[in-house]
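What follows is each chain in one-letter form.
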Amino acid sequence: MGAVSNLLDSKGGEVLTVKPDQTVEAAIQEMEKISAGTSVVADNGEILGIVSERDVIRKVVLQGKNVADVLVQDIMSSKLTTISPDTSLDECMQLMTEKRIRHLPVLHDGSLCGIISIGDVVKYLIVEKDFKIRNLETYISGAM
Ligand SMILES: NC(=O)c1ccc[n+]([C@@H]2O[C@H](COP(=O)([O-])OP(=O)(O)OC[C@H]3O[C@@H](n4cnc5c(N)ncnc54)[C@H](O)[C@@H]3O)[C@@H](O)[C@H]2O)c1
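The present account deals with the structure reproduced in this document. (Residues numbered from 1 in each chain as written. Predicted model: local features only at pLDDT ≥ 70, side-chain atom pairs only at ≥ 80, totals over all residues. Heavy atoms only, no water.)

Looking only at helices and strands, the protein chain features six helices and five strands. Principal-axis analysis of the C-alpha atoms gives the protein chain an extent of 70 × 35 × 30 Å. Counting over 144 residues, the protein chain shows a buried share of 35%. At a minimum sequence separation of 6, the contacts of the protein chain that also span at least 24 residues come to 56%. Looking at the protein chain as shown, the accessible area adds up to about 8,900 Å², and 52% of this sits on carbon and sulfur atoms. Computed over 15 positive and 21 negative side-chain charges, the separation of the two mean positions in the protein chain equals 6 Å. (Helix = DSSP H or I, 4+ residues; strand = E, 2+ residues; numbered from the N terminus. Buried < 20%, exposed > 50% of the residue type's maximum accessible area, 1.4 Å probe, protein only. Contact = heavy atoms within 4.5 Å. Areas by Shrake-Rupley, 256 points an atom, 1.4 Å probe, with all protein chains shown as cover. Lys, Arg positive; Asp, Glu negative; His and termini not counted. Charge placed at Lys NZ, Arg CZ, Asp CG, Glu CD.)

With that settled, the discussion passes to the site of the ligand. Around the ligand there are 18 residues in total, and Gly37, His103, Ser117, Gly119 and Asp120 lie nearest to it. Lys11 is positioned with one of its side-chain polar atoms (N or O) 3.3 Å from an oxygen atom of the ligand. In the model, an oxygen atom of the ligand is placed 2.6 Å from a nitrogen or oxygen of the Ser117 side chain. For the ligand, whose accessible area on its own is 770 Å², the fraction buried by protein is 64%. When residues of the shell around the ligand are traced back to their parent elements, those giving at least two are β2 (38–43), β5 (111–117) and α6 (118–143). Examining the composition of the shell around the ligand, we find that four residues originate from one element, α6, more than from any other. Per-class residue counts for the shell around the ligand are six nonpolar, seven polar and five charged. (Near = heavy atom within 4 Å. Polar contact = N/O pair within 3.5 Å; in protein donor to acceptor, adjacent residues only side chain to side chain. Nonpolar A, V, L, I, M, F, W, Y, C, P; charged D, E, K, R; others polar.)

A few words now on α6. Note: α-helices contain 3.6 residues per turn, so residues at a spacing of three or four share the same orientation. The first and last C-alpha atoms of α6 sit 37 Å apart over 26 residues, in line with the 38 Å expected at 1.5 Å per residue. Burial in α6 covers these residues: Asp120, Val121, Tyr124, Leu125 and Glu128. (Expected span 1.5 Å × (residues − 1).)

The interhelical angle for the contact between helix α5 (residues 89–99) and α6, taken along N-to-C directions, is 140°, at an axis separation of 11 Å. When the axes of α5 and α6 are compared, the pair comes out oblique. Pair α5 / α6 crosses with left-handed handedness. Facing Leu89, Met93 and Met96 of α5, the residues of α6 in contact are Ile118, Val121, Tyr124 and Leu125. Looking at the contact of α5 with α6, its residues break down into seven nonpolar, no polar and no charged. (Axes fitted to C-alpha atoms, helices over the stretch in contact; angles between N-to-C directions. Parallel < 35°, antiparallel > 145°, perpendicular 65-115°, else oblique. Left-handed = near helix turned anticlockwise from the far one by under 90°.)

This part is about the side chain of Ser39. Considering the arrangement of structural elements, one finds Ser39 in strand β2. Residue Ser39 is classed as buried on the basis of its relative accessible area of 0%. For Ser39, the side chain forms a polar contact with the main-chain nitrogen of Val18, separated by 3.4 Å. Setting aside chain neighbours within four positions, we find Ser39 in contact with Leu16, Thr17, Val18, Met31, Ile50 and Val51.

In structure tokens form, the structure reads like this:
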């Protein structure tokens, strides 16, 4: 099974980040622009946490608060689970399942070099499986 670096080769290493003192409204507008479900929270190059659609629903909307009145730092998750480009996709799925998270920022030498989501892993595994099946079919038809 491939590693995170293979997945990032096809997906790219761009990561949306927002500052902790930005409003949740500003953060979700940035997330919507790229159809992303999270934003990493960083300031002066330091990674402070992550904020997801789920955080907004649970900690703002369900609390009857207004996204324009709440700051990212008030709802972000600062306990960040990260991976490296060498992490296997198997390990990623185990981490996502154990910790009930859907996004894993990728760090290389301490700096952010990508982010992968559960949808990225599923898509990559489907492409990898189809590739293997086609190869096997070619091999079988070649052997006959
Ligand atoms: N066909 C595809 O290429 C593809 C890839 C991923 C997800 N999806 C679909 O999108 C829906 C939601 O996906 P999800 O649960 O994986 O989460 P998501 O909505 O966060 O993922 C959507 C895309 O945004 C990217 N993303 C998320 N946070 C980011 C950030 N901070 N910076 C840069 N990129 C970021 C993800 O890596 C992913 O490629 C699901 O229905 C899934 O099937 C499709």
